[in-house]
Every structure is written in C-alpha cells, then in structure tokens.
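What follows is each chain in one-letter form.
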Amino acid sequence: MAENRETTSVSDEVIAICAVNAALKTEGVLRMAGGLSNALSRNLLGKELLSKGVKVSQSSGRIEIDVNIIARYGCKIPQVAWDIQENVKTEVKEITDLKVNAVNIHVQGVEKDDQK
C-alpha cells in the first residue's frame with residue numbers, strides 16, 4: 001500500500017521571521033542589519049519589514065539562510081556567530097518542522113549598547 005504524503009510549503013517570510021526571532025534572542029546581537037532592499041521597502045512602504053536582515057533561499061528541498069547583524073561591542077564574534085547558527089536552526093525546525101542546511105552570518109558592524 002502506497003503512502004500518501006502531503007508536502008507543505010512554508011514561505012520564505014515565515015522562515016525569515018523565525019530566523020530574526022532566534023538571532024535577536026542570541027547574546028551579543030545588538031540588532032539586525034538591513035540591506036538596500038530593506039531600506040527601499042521602508043521608504044516605499046513606510047514600514048520596516050519584520051524579516052529585516054535575513055534572506056532565505058529554498059531550492060530542491062534545501063534551505064539556506066543569510067543573517068545580517070550588528071554585534072554588541074565586546075562580544076566574542078565567533079561564539080556569537082555559532083550561537084546564532086544553532087539558535088536559527090533550532091527555531092526554524094521547531095516552528096516549521098523543516099531542516100535548515102546552512103546559516104550564513106554576516107556581521108555588518110559592531111556598536112556599543114547605549115542603554116547600559
């Protein structure tokens with residue numbers, strides 16, 4: 001008897017929001033860094049994207065996520081990058097039940113946290 005497996009598709013936006021949440025929970029991440037597309041969306045639409053700083057690529061059942069951050073001054077960047085990778089993979093798996101094949105971290109800057 002053949003099994004009837006339903007395939008579900010999860011949008012890039014949902015995966016990106018999961019990745020943003022996971023990255024922002026990571027110690028050493030000050031904020032997300034957006035690129036040109038985020039700046040254009042903010043100016044044209046008048047609102048900031050929830051998936052700012054994240055790009056998701058899905059093809060042939062593989063998911064690759066690029067995360068752009070501003071790191072907190074004084075943190076150990078290699079450890080922060082590792083923690084983001086683990087947190088993003090875990091969060092996406094828990095929310096969507098999809099396996100992430102790669103999480104690429106791009107540190108766009110380092111800034112002091114002015115609220116201390």
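Before going into details, it helps to say that this report is about the structure given with it. The model shown is predicted, which means the values in this text are computed figures rather than measured ones. (Residues numbered from 1 in each chain as written. Predicted model: local features only at pLDDT ≥ 70, side-chain atom pairs only at ≥ 80, totals over all residues. Heavy atoms only, no water.)

**Remarks on the nonpolar core**
By size, the foremost hydrophobic cluster in this structure holds 25 residues, and its most contacted members are Val54, Ile65, Val67, Ile69, Ile84 and Val88. Elements that contribute at least two residues to this core include exactly α1 (12-24), β1 (29-32), β2 (54-59), β3 (62-72), α3 (77-96) and β4 (102-111). Top contributing element to this core by residue count: α1, with 7 residues. Here Val88 is in contact with Ala19, Ala22, Ala23, Ile65 and Val103, once residues within four sequence places are set aside. (Core = buried A, V, L, I, M, F, W, Y, C linked by side-chain atoms within 4.5 Å. Buried < 20%, exposed > 50% of the residue type's maximum accessible area, 1.4 Å probe, protein only. Helix = DSSP H or I, 4+ residues; strand = E, 2+ residues; numbered from the N terminus. Contact = heavy atoms within 4.5 Å.)

**A short note on the pattern of salt bridges**
One pass over the structure, following the stated rule, counts 4 salt bridges. One salt bridge in this structure joins Asp113 and Arg72, with 3.1 Å as the shortest N-O distance. Of the two residues, Asp113 sits in the segment after β4 while Arg72 sits in strand β3, which places them 41 residues apart along the sequence. (Salt bridge = Lys/Arg side-chain N within 4 Å of Asp/Glu carboxyl O.)

**Digging into the side chain of Thr96**
Structurally, Thr96 is set in helix α3. One polar contact links the side chain of Thr96 to the main-chain carbonyl oxygen of Val92, over a distance of 2.6 Å. Of note is the side chain of Thr96, whose polar atom sits 3.2 Å from the backbone nitrogen of Leu98. (Polar contact = N/O pair within 3.5 Å; in protein donor to acceptor, adjacent residues only side chain to side chain.)

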